[in-house]
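Each chain is listed here by its residues.
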Amino acid sequence: MRKLIPAIAALALIAVPQTASHAAMQQGKKAPVEDVWKPAATPKGGVSWAVLEATKEQTRTGKDGYIYSKPLFTPAVKALAGKRIKVAGWMKPLETGSRQKHFVLLAYPPGCPFHFHAIPNQFIEVYADIPFPTNETKMFVVTGVLELTGQDESGIFYRLKAASPA
């Protein structure tokens, strides 16, 4: 019986189906990479980040050498302008203190604090009427009136006014 247990364990390992990553590496190919950075899930009745991320960015380099960008909003995004929407995301505080009335809502979880990786269609500047507790690791659901911005080449495409926790 003692000899039978290791043999059964070895057979079990052989019988385990291989993942695509294992199969690719055994064939000398690169393993497919799964992107672990996913946008916040769409809250019930809310706006998906996929809708907001569909906004394209038109860039130019100014005489000063800086890159300026303007949004090219899709019809779906334009239809949301001035309406109260609900969206989920992660907080990037812009103020000090335990509560925030002005912050950036990120589509993706914040990574390294030294690498702010979001592009203009992946965050919303939030002005809240009701302060939110400061928490950079919690996903928040926020409701507010969507303002489409960025025609001044500020690099900020979205703003939520009169925002509050949903």
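About the criteria used
Residues numbered from 1 in each chain as written. Predicted model: local features only at pLDDT ≥ 70, side-chain atom pairs only at ≥ 80, totals over all residues. Heavy atoms only, no water. Salt bridge = Lys/Arg side-chain N within 4 Å of Asp/Glu carboxyl O. Helix = DSSP H or I, 4+ residues; strand = E, 2+ residues; numbered from the N terminus. Buried < 20%, exposed > 50% of the residue type's maximum accessible area, 1.4 Å probe, protein only. Core = buried A, V, L, I, M, F, W, Y, C linked by side-chain atoms within 4.5 Å. Contact = heavy atoms within 4.5 Å. Pairing = 2+ DSSP bridges. Phe/Tyr/Trp six-rings, centres within 6.5 Å; stacked < 30°, edge-to-face > 60°. Lys NZ or Arg CZ within 6 Å of the ring centre and 35° of its normal.

*Asks:* Please clarify how the pattern of salt bridges should be interpreted in this entry.
*Replies:* Working definition: two side chains of opposite charge can pair if their charged atoms are close together. Counting across every chain of the model gives four salt bridges. Two residues, E136 and K92, come together in a salt bridge whose shortest N-O distance is 3.8 Å. Of this pair, E136 sits in the loop between strand 5 (123–133) and strand 6 (139–148) while K92 sits in strand 3 (residues 84–93), placing them 44 residues apart in sequence. Here E136 falls in the partly exposed class, since its relative accessible area comes to 36%. Across the salt bridge formed by E147 and R159, the nearest N and O atoms sit 2.9 Å from each other. Of the two residues, E147 is situated in strand 6 and R159 in strand 7 (residues 158–165); the sequence distance between them amounts to 12 residues. For E147, a relative accessible area of 28% gives the class partly exposed. When salt bridges that share partners are traced, they join E125, E147 and R159 into one network.

*Asks:* What exactly am I supposed to notice about the nonpolar core here?
*Replies:* Side chains of a nonpolar character, in soluble globular proteins, are inclined to be buried together. The biggest cluster of nonpolar side chains holds 27 residues, and the ones touching the most others in it are W49, L105, I124, V126, V142, Y158 and L160. Every element with two or more residues in this core is listed here: helix 3 (49–53), strand 3, strand 4 (99–106), strand 5, strand 6 and strand 7. Broken down by element, this core gets its largest block of residues, five residues, from strand 3. Residues in contact with W49, not counting those within four places in the same chain, are P39, A40, V87, A88, L105, L106, A107, N121, Q122, F123 and I124.

*Asks:* Where do I start with the environment of R159 in this structure?
*Replies:* According to the relative accessible area criterion, R159 is buried, its value standing at 18%. In this structure, the C-alpha to C-alpha distance between R159 and L105, residues 54 residues apart in sequence, is 9.6 Å. The residues touching R159, leaving out its near neighbours within four places in the chain, are I124, E125, Y127, V145, L146, E147 and T149.

*Asks:* I tried to follow the pairing of strand 1 (residues 56–61) on my own but got confused; where do I start?
*Replies:* Regular strands show a simple pattern: their side chains alternate between the two faces of the sheet. Relative to strand 2 (residues 67–72), strand 1 runs antiparallel, the two sharing six bridges. Of the residues in strand 2, the one forming a bridge with Q58 is K70.

*Asks:* Sorry if this is basic, but what is going on with the packing of aromatic side chains here?
*Replies:* The description of two aromatic rings rests on the distance between their centres and on the angle between their planes. Following the criterion strictly, the structure yields four aromatic pairs and no others. Between F73 and Y158 the ring centres are 6.0 Å apart and the planes differ by 45°, which places this aromatic pair in the tilted class. Of the two residues, F73 sits in the loop between strand 2 and helix 4 (75–78) while Y158 sits in strand 7, which places them 85 residues apart along the sequence. Looking at F73, the relative accessible area reads 13%, which means it is buried. Each member of the aromatic cluster is reached from another via a ring pair, and the members are F73, F157 and Y158. Over the aromatic face of Y127 sits the side chain of K161, whose NZ or CZ is 5.1 Å from the ring centroid.

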